[in-house]
Amino acid sequence: MNSASPPCTTVDQLATPAALVDLDVMHANLARVAEYATGHGLALRPHAKTHKAPGLAAEQRRLGAVGVTVATAPEAAVMAGAVDDVLVAYPPVDPGRIARLMALPPSVRLTVALDSEPALDRLSAAAAAAGRVVGVLVELDLGMHRTGVQTPADALALAHLARRLEPLEYRGVMFYPGHIRQHVDQQLADIERLGSELDGYLDALAAAQLPAQIVSGGSTPTLFHSHRLPRQTEIRPGTYIFNDRTTAAIGACAWRDCAYSVLATVISTAVPGQAVVDAGSKALNREDIRGAVDAPGYGALRDRPEVFVKAMSEEHGLLCLGGTDWQPRVGERVRIVPNHVCISVNLHPRIHGVRGDSIAHSWEVAARGWA
Ligand SMILES: Cc1ncc(COP(=O)(O)O)c(C=O)c1O
């Protein structure tokens, strides 16, 4: 695994707040999903937005991933140093973004998902100027209502154009089932609905001699239902490498599968009924998941999940002590599993890979931000 020498060798030596990853849990997560994908004949193309660390993308590749998925230009640039097959699952319309994609090493197999003619035109002009072949996936909106074409006729038009515009190469379709975030036991009806809509698109493309070689979908909440969409060829989960409080709350992983936590120090117990730690919204992020699951607050203690972060300032996290007999002391350290791990990782310069109290690896979160 690529990693820099850690400046500290034990967790006690780290300044707080700090981002920790339990390496054994992470490896079990990676292995479980690699095995699931292989077992169901699905290509695995993890989304690197969760870890933003090329060493971890290389590890995913070593375990059988066909390549990596990215959203931003820095993610593409950084990941291209570790993995030679990159899908940009985000329409590159801004000229600066397109230029940075064209500047990726020529050895990188580049594929881009998009949903409009202007995006296609810009990409084809830039690819021609750069003399590089770029694969195109037509993005379909199958219920997320964020991006993606709205009808099979629109998909056909874009696929036709992608095939005509050299040096682009039409490769298939992409969708993101990000609207399916309820408990895994309650997802089947939505997945079935999505599957029949997907069939409509794929049948129309095949009938027009534009069959989709790649049908790219998948997410962490729906991960272990992926085989229920038999025409899907590839999945792009991101969060699964670490998991988080949301993933556990919807039953897409067990609590013990949460590999990531923010190490924090108790700085005050002065106000009754709460303890305050030095990890606030700038270390954890303020994502509220009550719309999807019955879990109040912004994160919970890894070792005492009944203790949750009930409120935050930028540098303060207020732990609710209402449901516990734990009596925290000032100076005590805790590990907090955030609601949404991807945003928390993006707030930290490094991730420390730990086994017990030892730091075994330390990765720079190299693709943070946009610069
Ligand atoms: C286009 C796309 N694909 C895949 C993913 C991965 O989703 P998850 O982190 O739930 O696995 C995301 C998440 O934002 C996404 O936007």
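Note that the structure is predicted; figures quoted are calculated from it, not measured.

Draft legend 1. Structural view of the nonpolar core. The biggest cluster of nonpolar side chains holds 109 residues, and the ones touching the most others in it are Ala 76, Met 79, Val 86, Val 88 and Val 173. Broken down by element, the residue count for this core peaks at six residues, all from helix α3 (residues 73-80). When residues are assigned to domains, this core turns out to be shared by domain 1 (24-242) and domain 2 (246-364), each giving three or more. Discounting chain neighbours no more than four positions away, the residues touching Val 88 are Val 70, Ala 76, Leu 101, Val 112 and Ala 113.

Draft legend 2. Inspection of the sheet that holds strand β4 (residues 85-88) at higher detail. In spatial order, the strands read β2-β9-β8-β7-β6-β5-β4-β3; together these eight strands make up an open sheet with parallel pairing. Where the open sheet ends on each side, the last strands, each with one partner, are β2 (43-44) and β3 (68-70). Two elements, β2 and strand β9 (residues 234-235), share two bridges in a ladder whose sense is parallel. Note that in β9 the partner of Leu 44 across the bridge is Ile 235.

Draft legend 3. Structural context of helix α7 (residues 188-207). Along its 20 residues, α7 runs 28 Å from first to last C-alpha, staying within 8% of the 28 Å computed at 1.5 Å per residue. What α7 keeps buried is the set Leu 194, Leu 198, Tyr 201, Leu 202 and Leu 205. Seen from one end, α7 has its buried residues packed into an arc of 95°, which puts them on one side. In α7, the exposed positions angled more than 90 degrees off the buried face are occupied by Leu 188, Ala 189, Ser 196 and Ala 207. Buried-residue contacts for α7 involve α6 (152-164), β7 (168-174) and β8 (214-217).

What counts as what
- In this numbering scheme, every chain counts its residues from 1 along its sequence in written order.
- Totals for whole chains, interfaces and linings use every residue, but because this is a predicted model, local features are given only for residues with pLDDT of at least 70 and side-chain atom pairs only at 80 or more, for both listing and counting.
- Only buried Ala, Val, Leu, Ile, Met, Phe, Trp, Tyr and Cys residues enter a nonpolar core, and they are joined through C-beta atoms within 7 Å.
- Exposure classes come from backbone-placed C-beta atoms, where a residue is buried if 20 or more other C-beta atoms lie within 10 Å of its own, exposed if 12 or fewer do, and partly exposed in between.
- A run of H or I in DSSP becomes a helix once it reaches four residues, and a run of E becomes a strand once it reaches two; helices and strands are each numbered from the N terminus.
- How far each domain reaches was decided by an automatic or database domain assignment.
- In this description, any two residues whose backbone-derived C-beta atoms lie within 7 Å of each other are considered to be in contact.
- A pair of strands is considered paired only if DSSP assigns at least 2 bridges between the two.
- Expected span, for any helix, means 1.5 Å times one less than how many residues it has.
- Summarising the geometry, the arc corresponds to the directions from the helix axis toward the C-beta atoms.

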